[in-house]
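Here is what each chain is made of, one letter per residue.
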Amino acid sequence: MTLNHAGVCLRDVVEDAVDFAVSHGFAPPEERRLLDALLRDPNDARVVRRLSRRRRHGEPLGFGAAEVAGVLGPLLMVAVTGSVTTVTTSVTGSLYARLTAWLRRVPRHPRGVDQIPDLSRDQLRSVHDLIVEQLVRSEIPEATAHAVAERISGSLALGGERGRAVQPDAEEENNEDRPEAG
Amino acid sequence: MSAGRRAPQRPDERVLVSGTTLRFAVLVVLILVSSAWMSLLPLAAGHTSSGSTSIGDSSGCDLAAGGDPGRIGGPVPQEDTSAYRTCIDKVSSPSDPSPWLSAVWPLLVVAAAAVLMWAIPAWKARRSRVVPLEAVDPDGEIHAVLRQLSTVAGLDHLPRVIVDPAAVSGGAVVFGSNRRPTIRLHGGLIVRRHTDPERFRAVVLHEYAHIRNGDITLTYLTVALWRAFLGLVLLPYLAVLLTLAVWMALFFIGVRAPLDPEVMRGLGGDFPIVLVKLLATPAILAVLVHLSRADVLRTRETYADLAAVRWGADPRIWTGAAHLADTSDSGPRRTHRALLTFREAWRTHPRGELRQESLSDPAPLYAARALPMFLTGVLAPLLDFQLSLYGAVFHLGWLDNGAWALSAVLVAGVAGTALWRAAINAVFTGRRPSSGARAGLWLGAGMAAGELAGYRVGLDSLLPAFPPALLLPVCAGAFFGWWTTQCARLWSRTWPGTALRPVLILGVLVGSVLLSSWFAWWQGYGVTFANGLSPSTQEMRQSLTNGAAPAEVAQQDGIITAISTLWPPMTSFTTWPLTLVSVALLWLTPLAAWAVRFADGARQRSTGAAAKTADRLPEQNPLPPLGQILLPGLLGGILATCVVAGSMAYMHTWPPPSLTARILLIWTFLAWVFIALLTGAAVAGTTAAVRGNSHRLLWALIAAQIAVLVGLAGTILVTSLDGCVPQLSTLRLNCQPHPTPSTWLGLRLMVGPVLVLAVPVAAIATAAVTGIRRIGPTRQSPPPPYTQPQPLRTRLVLAVLGVMVTVITLADLIAPVIPHSTPSDARLTAEARNAGSPRLRALQVYAWEKYGGLELARRYVTAQTRMKDLLLKDPRHIDESEGISVCRQLQAVTRDAADYFPVPDARAQVHWNAFVTGNAQGSRNCMRALKASDGPKFLGSVEELTKAMHAYASMRERNDKVMRAGGLPERS
């Protein structure tokens, strides 16, 4: 995956996490195939919107009320997006700072792939905790949730570094118009 | 409910028809019928905006004829006159697109639904959202499992399987059509296959069951039709109504001048009610369709669950679903139970705990539940008024009969099947049987509610003029439920075959005939009575008292009043050709059970049930000895005969009537016969009900009808003795071996209404007996010992009764005494026609003028002006040829005036009559005088014409007054 901006792709992070879960036996191999099928849509934002939509239990001739099965890929797409959004919008400071933070909240890739901005250490920790919380709420075992969240935090941290290495100009541009994060 | 609880015995759910297919079909019919009539408003509005005509055209003719178009399906007084046809021809333009467009509109809805049937699966399986199974199952492992399960489910081919990777729940859904089904597995199900293979199996088998049960096409056909209806009919309809509401607001605030009064007919002070009713129809339709569809789908889900378990799915999977439902419903659980039931009604899947319960005890599948019965009841009047409206607009009188037949088949099909299934289940399981009356009450309540929602009670009123009349459909529904359930219980235990499906279908067919008679009477006459329009008592009173001396009339005033009040409505009982057939079916259907042998099938069922519930259902023939039922009937008939003989002996003591008052004497005697026969029926019905332990209603009906027949035979015998036995000489003095022709005719008149009335009499007697038994101390008498019936004697008795009934029924069908007619033929009485608000009267007079009256006035004034000019030109010398031309012109106006509608106001009509008569005479004399050059005669004719002119002026003055009183603007 090539990056045109600083940060890391949402889908890269999630794919990496699912690969990690499958290779460590936290999830069955079908997880990866399902994620591939899901990510055939190049627009991450659209995928997340679709996943966040209320599930329809009353579909005619469906099985009816069926419990959420804890499918890791979709859960992570939603959880990572949600947690990153939460930590990046809780910016304090001037109105301008908050406004620009809000505007940067969902930076768009030209092809529509969501970029996750660089996060500070504190933000990474918050993201980790939020992901664990959401995964556990979706009945993912706690140990799996911690391991996967750890992996994602690492990806986000490394992704940021990698992004800076690939696109120093973009980094500079970003630094110019970005207020202090954290 | 614990999973380990012992499952009660039950019939296999596949043995009987489920009735859900018919309920889907009902929804389809409802949507199509609604498409036809609801498209009328938008199309009419669209046509109006093109400017060629106006909405109120044909309504204007109805008003001009003295009718009330607000009463949908109500009679139009002058419908069969040339004046009405001319009026309609005048107002309908050849380019009027409404008739063919509104006929084509339902076809458009069907075409759109067909497109949607193709589009919905395509949309659900679009490539951007789903992937083929192979994409997530490259090694074919899941495919193999699916194939193996499809063999278990007995599917010919493996359906197309796709996967929705974004669906995280462990479910699946099936769509497409029965021939080309597609299963969409949720991503969550794929993932859980390893950890929970039993769940995977259960879900897939559940979806296969939907395919096997043929649920897909009907379900998605309903969805597609509803969406097409929504887009092509409902939304345009609502748009027109909202436009209408805005217009009305503009009229109220004075921004717009009012439209023609007949267009504004429903837009006066009553407009809010009209708007509410017009809006209520689609709202009720939407709720009805949604609730019915949801209910049917819930039933289908339960069938699919049962099939899946039968094919080996683990029932504990549904325990998980119940747990899930418990979690989601934890809030409402603490609230009122009704709220839970209400929420349940809107769901397409039963609650988890209900699904789990249904697996161990599918009793709800067999219950005749309140909601479906109510919804089915609402359906009948909705269908009827929509078809009637459509028929009224396009003058398709046959649609009335079609509506009754359709409603009867659909309601009997849905409600009858439910009642039969409930009764059969009770027999199989040995449970305490329900009477069916409660379920029937819900059906009747639905029929009454549907009537309120329809327009037959008036477009501008929420309630009919006589609201208690709406209790009649409620009672009819309760009776239908009660009777059907008892018949089903009886026949399910006596049917000789091993399969019960044929008897269920026969029972539903009989129910259709019964309901067609009810709908024919209610929609044809009952609604009219509910609207406060009762037949004239004056006409009957006049014919009774015609020629009688005042003293005689005064002496018999009570009975004259009673006959003239009660008899005219009773003539409406047998105007539907199948009424007496229905009455015969009511009691011959149970009676026929004696004609069949208590054969192997029935014995097997009885013993099967007995083995399971030995304490409740001992092996016995449910039929009591036939004599136990026949005897009360026979005694009731003898009692009726005795009362008739007694009344003859009593009437014999009266002073001989004058010759002209004989008709009153005959009617008085017939009234006694009427009372005697109904008394006999009541006594027989009550006795049979008291003696019966079960099926009381059926025994009471049989006994009551036999009492009427025996009483009738006895009456014929006794009246044959009239003149032969001195003490019984009432109507004639000489002895002849048969009744007098007038008595014979009277008895023939009476037989239909008496047979019909004996039904409610028996039902009321049975209800009273049942009620008293429940209130009083429980005294369960042991069932009579089973005795092998004597087939020959039994069948002989049944044959005699059958022949009697067939003769009476065929006589009524072939040569009816009371003519069979449809309500569109029904004539309202003068009083009824003149009933109506001042506003309606004003609109009628306005329309009368607009649709012909003013044109006649213009022609009349032109002719009169010519006459005046002629007289003023030279009074001493009249130009004869010019004079003759003027007189001819006046004559032509008179002829057309005589052909036109009578003025809808009685007082104005008096003046109009005087005008027409005077003008006819004057113009005729005028012509004769001029041809004969007879001056004095000519002057006489001018005087007649002047008088006619005064009458005309009075009529116009009266019309103006009526219109002012109704709030219509002054004529410009």
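Residues numbered from 1 in each chain as written. Chains lettered and ligands numbered in written order. Predicted model: local features only at pLDDT ≥ 70, side-chain atom pairs only at ≥ 80, totals over all residues. Heavy atoms only, no water.

1. A word on the overall build of chain A
Right, so step 1: Each helix and strand in chain A was counted, giving eight helices and two strands.
Right, so step 2: Along its sequence from the N terminus, chain A presents helices and strands in the succession β-α-α-α-α-α-β-α-α-α.
Right, so step 3: By the burial criterion, 51% of the 182 residues in chain A qualify as buried.
Right, so step 4: Look at the contacts in chain A between residues 6 or more apart in sequence, and 74% of them connect residues 24 or more apart. (Helix = DSSP H or I, 4+ residues; strand = E, 2+ residues; numbered from the N terminus. Buried < 20%, exposed > 50% of the residue type's maximum accessible area, 1.4 Å probe, protein only. Contact = heavy atoms within 4.5 Å.)

2. Focus: the packing of aromatic side chains
All names here are of chain B.
Right, so step 1: Tallied over the entire structure, the rule returns 20 aromatic pairs over all chains.
Right, so step 2: Both rings, one in F374 and one in W442, keep their centres 6.2 Å apart while their planes meet at 80°; by these two values the pair is edge-to-face. In this pair, F374 sits in helix α17 (residues 370-394) while W442 sits in helix α19 (residues 437-453), placing the two residues 68 residues apart along the sequence.
Right, so step 3: With a relative accessible area of 41%, W442 lands in the partly exposed category.
Right, so step 4: For the ring pair W848 and W912, a centre distance of 4.9 Å and an interplane angle of 90° mean the geometry is edge-to-face. Taken together, the positions of W848 in helix α33 (residues 838-873) and W912 in helix α35 (residues 906-931) put the pair 64 residues apart, joining distant regions of the chain.
Right, so step 5: Connected via pairs of aromatic rings, a cluster forms that spans W848, Y860, Y900, F901, W912, F915 and Y952.
Right, so step 6: One cation-aromatic arrangement involves K124 over F175; the distance from NZ or CZ to the ring centre is 5.8 Å.
Right, so step 7: Stacked on the ring of W123, the Lys or Arg R126 has its end atom at 3.6 Å from the ring centre. (Phe/Tyr/Trp six-rings, centres within 6.5 Å; stacked < 30°, edge-to-face > 60°. Lys NZ or Arg CZ within 6 Å of the ring centre and 35° of its normal.)

3. Observations regarding the environment of A689 of chain B
Residues and elements named next belong to chain B.
Right, so step 1: Inspection of the secondary structure assignment puts A689 in helix α28 (residues 662-691).
Right, so step 2: On the basis of relative accessible area, A689 is assigned to the buried category, the value being 0%.
Right, so step 3: Excluding anything up to four places from it in sequence, A689 contacts R696, A700, T766 and V769.

4. Focus on the pattern of salt bridges
Right, so step 1: This model, assessed by the stated rule, comprises 24 salt bridges over all chains.
Right, so step 2: Residue R32 of chain A pairs with D36 of chain A through a salt bridge whose shortest N-O separation is 3.0 Å. Linking R32 of chain A with D36 of chain A, this pair stays in helix α2 (residues 30-38), spanning four residues, or about one helical turn.
Right, so step 3: Overall, D36 of chain A belongs to the partly exposed group, its relative accessible area being 36%.
Right, so step 4: Where E141 of chain B meets R193 of chain B, a salt bridge forms, and the shortest distance between an N and an O atom there is 3.5 Å. Within this pair, whereas E141 of chain B is found in helix α7 (residues 141-153), its partner R193 of chain B is found in helix α8 (residues 187-195), the two being separated by 52 residues in sequence.
Right, so step 5: Overall, E141 of chain B belongs to the partly exposed group, its relative accessible area being 39%.
Right, so step 6: By relative accessible area, which is 9% here, R193 of chain B ends up buried.
Right, so step 7: Each of E15, D19, R32 and D36 of chain A takes part in salt bridges that share partners, so that together they form one network. (Salt bridge = Lys/Arg side-chain N within 4 Å of Asp/Glu carboxyl O.)

5. Some words on the interface of chain B and chain A
Right, so step 1: Taken together, the contact between chain B and chain A spans 48 residues of the former and 28 residues of the latter.
Right, so step 2: Between chain B and chain A the total buried area reaches about 3300 Å² when both faces are included, carbon and sulfur atoms providing 62% of it.
Right, so step 3: The partner of R50 of chain A in a salt bridge is D164 of chain B, with the nearest N and O atoms 3.3 Å apart.
Right, so step 4: Counting across the interface, chain B meets chain A through 14 residue pairs in polar contact (both at pLDDT 80 or more). (Buried area = accessible area lost by both parts, 1.4 Å probe. Polar contact = N/O pair within 3.5 Å; in protein donor to acceptor, adjacent residues only side chain to side chain.)

6. What about the packing of α28 of chain B against helix α29 (residues 696-720) of chain B?
Residue and element names in this part refer to chain B.
Right, so step 1: Direction vectors running N to C along α28 and α29 enclose 145°, while the axes themselves pass 7 Å from each other. In terms of crossing hand, the pair formed by α28 and α29 is right-handed. In this structure, α28 uses F669, V673, L677, G680, A681, A684, G685, A688 and A689 to contact α29, whose residues at the interface are R696, W699, A700, A703, A704, A707, V708, G711, L712, T715 and T719.
Right, so step 2: Residues that form the contact of α28 with α29 fall into these classes: 14 nonpolar, five polar and one charged. (Axes fitted to C-alpha atoms, helices over the stretch in contact; angles between N-to-C directions. Left-handed = near helix turned anticlockwise from the far one by under 90°. Nonpolar A, V, L, I, M, F, W, Y, C, P; charged D, E, K, R; others polar.)

7. Some points on unusual backbone geometry
Right, so step 1: At L61 of chain A, a position not held by glycine, the phi torsion is positive, near 65°.
Right, so step 2: Locating L61 of chain A in the fold gives a position in the loop between α3 (44-52) and α4 (72-89).
Right, so step 3: Residue L61 of chain A is classed as buried on the basis of its relative accessible area, which comes to 1%.
Right, so step 4: With a phi angle near 50°, S933 of chain B is a residue other than glycine that sits in the positive phi range.
Right, so step 5: Along the chain, S933 of chain B turns up in the loop between α35 and α36 (935-965).

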